[in-house]
Amino acid sequence: MINLFEPVGCTVDPVAGSLSNATGRYQKRFGELDGLYADRPAFDAMRAEWHDRVVYEVSEFRPREDVGDLIFGVTRMSPGKVGDEYFMTRGHIHQQPDRPEIYYGRNGRGLMLMESPEGEVRIVPIDELTVCYVPPFWIHRSVNTGNVDLVMLFCYPADSGQDYEIIARSGGMRSRVVDDGAGGWKTVDNPAWQPRDATTIARLYASRNAGAPA
Ligand SMILES: O=P(O)(O)OC[C@H]1O[C@H](O)[C@H](O)[C@@H](O)[C@@H]1O
Ligand SMILES: [Fe+2]
């Protein structure tokens, strides 16, 4: 017999960047983001003031992690820069890489930085009316390019999982999002970036529909 899950309504507070009835929350503090930004001296210089400050936080509703179910929630990210590089999330590819994701901007402005297994880069600017579709197989990271909190709703298949190592293994994402000196943003190449080899890429694509019933 199927055990039905109770329907639920959650309220998004776009100013606080929170979700009512959340089942889980986590926060990422500045001190935990060591190694994420290109400008190490700038990061170290900010440590004294920023170490315990929350750079971004997630409140989510996770009913279960069954195939076909959904996880959704709200991310709130403070405005700021390390050197000229805008605050961003760690970024990941889904553990089951063929799982997509939707983001809906609710406050502020920012962008979704995406990178394919082969290293193609795409950017979708996000404002408070933008829905961003992150297709299967794209590494994704959100960046706050504005001067207020960036708040986004997200939703993704419950069995997706997150693989953070894919970015670390390549020396970061291929592009970095920095201040253009005129109140906006631009991308610069990350000189430390290493392409993924053919075997790694093939393995990612081979996992297509890995969680689906045979
Ligand atoms: O997980 P991070 O890359 O640190 O990004 C923070 C969060 O961003 C989005 O909201 C994702 O949907 C979350 O699953 C993720 O946890
Ligand atoms: Fe994701």
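A quick note: this is a predicted structure, and the numbers were derived from the prediction, not measured. (Residues numbered from 1 in each chain as written. Chains lettered and ligands numbered in written order. Predicted model: local features only at pLDDT ≥ 70, side-chain atom pairs only at ≥ 80, totals over all residues. Heavy atoms only, no water.)

Chemist: An account of the overall build of the protein chain is needed here, citing residue identities and associated values.
Modeler: The secondary structure content of the protein chain amounts to 3 helices and 17 strands. Structurally, the protein chain occupies a C-alpha span of about 60 × 45 × 30 Å along its principal axes. Taking all 214 residues of the protein chain together, 45% fall into the buried category. When contacts within the protein chain are restricted to residue pairs at least 6 apart in sequence, those whose partners lie at least 24 apart make up 70%. Approximately 10,900 Å² of the protein chain is accessible, and the part contributed by carbon and sulfur atoms is 52%. Taking the average place of the 23 positive charges on the side chains of the protein chain and the average place of its 30 negative ones, the gap between the two points comes to 1 Å. (Helix = DSSP H or I, 4+ residues; strand = E, 2+ residues; numbered from the N terminus. Buried < 20%, exposed > 50% of the residue type's maximum accessible area, 1.4 Å probe, protein only. Contact = heavy atoms within 4.5 Å. Areas by Shrake-Rupley, 256 points an atom, 1.4 Å probe, with all protein chains shown as cover. Lys, Arg positive; Asp, Glu negative; His and termini not counted. Charge placed at Lys NZ, Arg CZ, Asp CG, Glu CD.)

Chemist: Break down the sheet that holds strand β3 (residues 24-29) for me, with residues and values.
Modeler: Strand order in this open sheet of 6 strands is β3-β4-β5-β14-β9-β12, and the pairing throughout is antiparallel. With partners counted over all chains shown, the strands left at the sheet margins are β3 and β12 (131-134), one partner each. When strand polarity is set aside, the average angle formed by the axes of neighbouring strands in this sheet is 20°. By the bridge criterion, 6 bridges tie strand β4 (residues 54-61) to strand β5 (residues 70-77) in an arrangement that is antiparallel. Bridge assignment links Glu60 to a residue of β5, and that residue is Gly73. (Pairing = 2+ DSSP bridges. Axes fitted to C-alpha atoms, helices over the stretch in contact; angles between N-to-C directions.)

Chemist: Before we move on, could you go through the coordination of the iron ion (ligand 2) and cite the residues and values that matter?
Modeler: Surrounding the iron ion (ligand 2) are the protein donor atoms His92 (NE2), His94 (NE2), Glu101 (OE) and His140 (NE2), at 2.0 to 2.3 Å. With 4 donor atoms in place around the iron ion (ligand 2) and angles of 84 to 165° between them, the coordination shape is irregular. In terms of primary sequence, the donors binding the iron ion (ligand 2) are separated according to H-x1-H-x6-E-x38-H. Placement of His94 in strand β8 (residues 93-94) and of His140 in strand β13 (residues 139-144) is noted, with a sequence separation of 46 residues between them. Here His94 matches His140 in class, with each residue buried. (Donors = N, O, S within 2.8 Å, 3.2 Å for Na, K, Ca; no water. Tetrahedral: all angles 85-135°; square planar, octahedral: opposite > 155°, others 65-115°.)

Chemist: Residues and numbers for the sheet that holds strand β10 (residues 110-115), please.
Modeler: The 3 strands are arranged β11-β10-β13 in an open sheet whose pairing can be described as antiparallel. With partners counted over all chains shown, the strands left at the sheet margins are β11 (121-126) and β13, one partner each. In this sheet, neighbouring strand axes are inclined to one another by 20° on average, regardless of whether the strands run parallel or antiparallel.

Chemist: Tell me about the site of ligand 1, and name the residues and values.
Modeler: In the region of ligand 1, 14 residues are neighbours, and Tyr26, Tyr56, Thr75, Glu101 and Tyr164 sit closest. Interatomic distance of 2.9 Å between a backbone N/O atom of Gly91 and an oxygen atom of ligand 1. One of the side-chain N or O atoms of Gln162 is found 3.1 Å from an oxygen atom in ligand 1. Notes on ligand 1: free accessible area 370 Å², of which the protein chains cover 97%. Listing elements by their share of the shell around ligand 1, those giving two or more residues are β4, β9 (101-107) and β14 (150-157). Split by residue class, the shell around ligand 1 holds 7 nonpolar, 5 polar and 2 charged. (Near = heavy atom within 4 Å. Polar contact = N/O pair within 3.5 Å; in protein donor to acceptor, adjacent residues only side chain to side chain. Nonpolar A, V, L, I, M, F, W, Y, C, P; charged D, E, K, R; others polar.)

In short, shape yes, function no, at least from these values alone.
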